[in-house]
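Spelled out, the chains give:
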Amino acid sequence: GTTVVLGVATLRIRAGFGVVRISVDGKEIPPPPPKGPLYDSLADRDANVADALRALAQPDEQLDWYDLYKVFEIVREAVGGQKDLIATKWFTSADVDRFTASANHPGLSGDEARHARQGGRPPDLRKAMSLAEANGFIQRLVVSWIESHPDYGQSA
């Protein structure tokens, strides 16, 4: 049930969820282990992973362009630069360009952009990436990067 008490600002919510069980030929397949401990173990051994996860662990539900770009820079440099990042095929060059343009250009992201002024030709507003899209882009980038790390899944 749900109880809401106004005035004291107490909110209590209970929800029940069914458990999904997968079986093959009548044999139940156990669910995969949670990824958090694997990420944490890798962060203990790789400063880049630790820095990226720390930057992502902000109290806000959605990171701003500054924090997202910091994470992007960490991953980009950890894989060897922009050319090597594109070579991973986690994203296309156009996806990366769209993210960086949206993060940096006030013509795309207004006052939220990393820069107040940016020269060059005006950006194509149809290619703007919203902040919510950018958050998803960076989360997928970090997951792809961490899970491709040669030490991912190894014990410390």
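Keep in mind that this is a model prediction, so the values were computed, not measured. (Residues numbered from 1 in each chain as written. Predicted model: local features only at pLDDT ≥ 70, side-chain atom pairs only at ≥ 80, totals over all residues. Heavy atoms only, no water.)

Please clarify how unusual backbone geometry should be interpreted in this entry.
In terms of backbone geometry, most residues other than glycine have negative phi values and most peptide bonds are trans. Unlike most non-glycine residues, Lys89 shows phi in positive territory, near 65°. Structurally, Lys89 can be placed in the loop between α4 (82–87) and α5 (93–104). (Helix = DSSP H or I, 4+ residues; strand = E, 2+ residues; numbered from the N terminus.)

Honestly, the environment of Asn48 in this entry has me stumped. Any pointers?
The topology assignment puts Asn48 in helix α2 (residues 47–56). Taking relative accessible area as the criterion, Asn48 reaches 33% and is therefore assigned partly exposed. Here the alpha-carbon distance between Asn48 and Ile146, two residues 98 residues apart in the chain, equals 10.0 Å. If near-sequence neighbours (up to four positions away) are discounted, Asn48 is found in contact with Ile74, Ala78 and Trp145. (Buried < 20%, exposed > 50% of the residue type's maximum accessible area, 1.4 Å probe, protein only. Contact = heavy atoms within 4.5 Å.)

Would you mind going over the packing of α2 against helix α3 (residues 65–78) with me for this structure?
One can describe the packing of α2 onto α3 by two numbers: an axis separation of 9 Å at closest approach and a directional angle of 165°. Comparing the axis directions of α2 and α3 gives the class roughly antiparallel. Remark: the crossing between α2 and α3 carries left-handed chirality. Here Asn48, Asp51, Ala52, Ala55 and Leu56 of α2 lie close against α3, whose contacting residues are Val71, Ile74 and Ala78. Of the residues assigned to the contact of α2 with α3, the class counts are six nonpolar, one polar and one charged. (Axes fitted to C-alpha atoms, helices over the stretch in contact; angles between N-to-C directions. Parallel < 35°, antiparallel > 145°, perpendicular 65-115°, else oblique. Left-handed = near helix turned anticlockwise from the far one by under 90°. Nonpolar A, V, L, I, M, F, W, Y, C, P; charged D, E, K, R; others polar.)

Take it as geometry only, folks, not as evidence of what the structure does.
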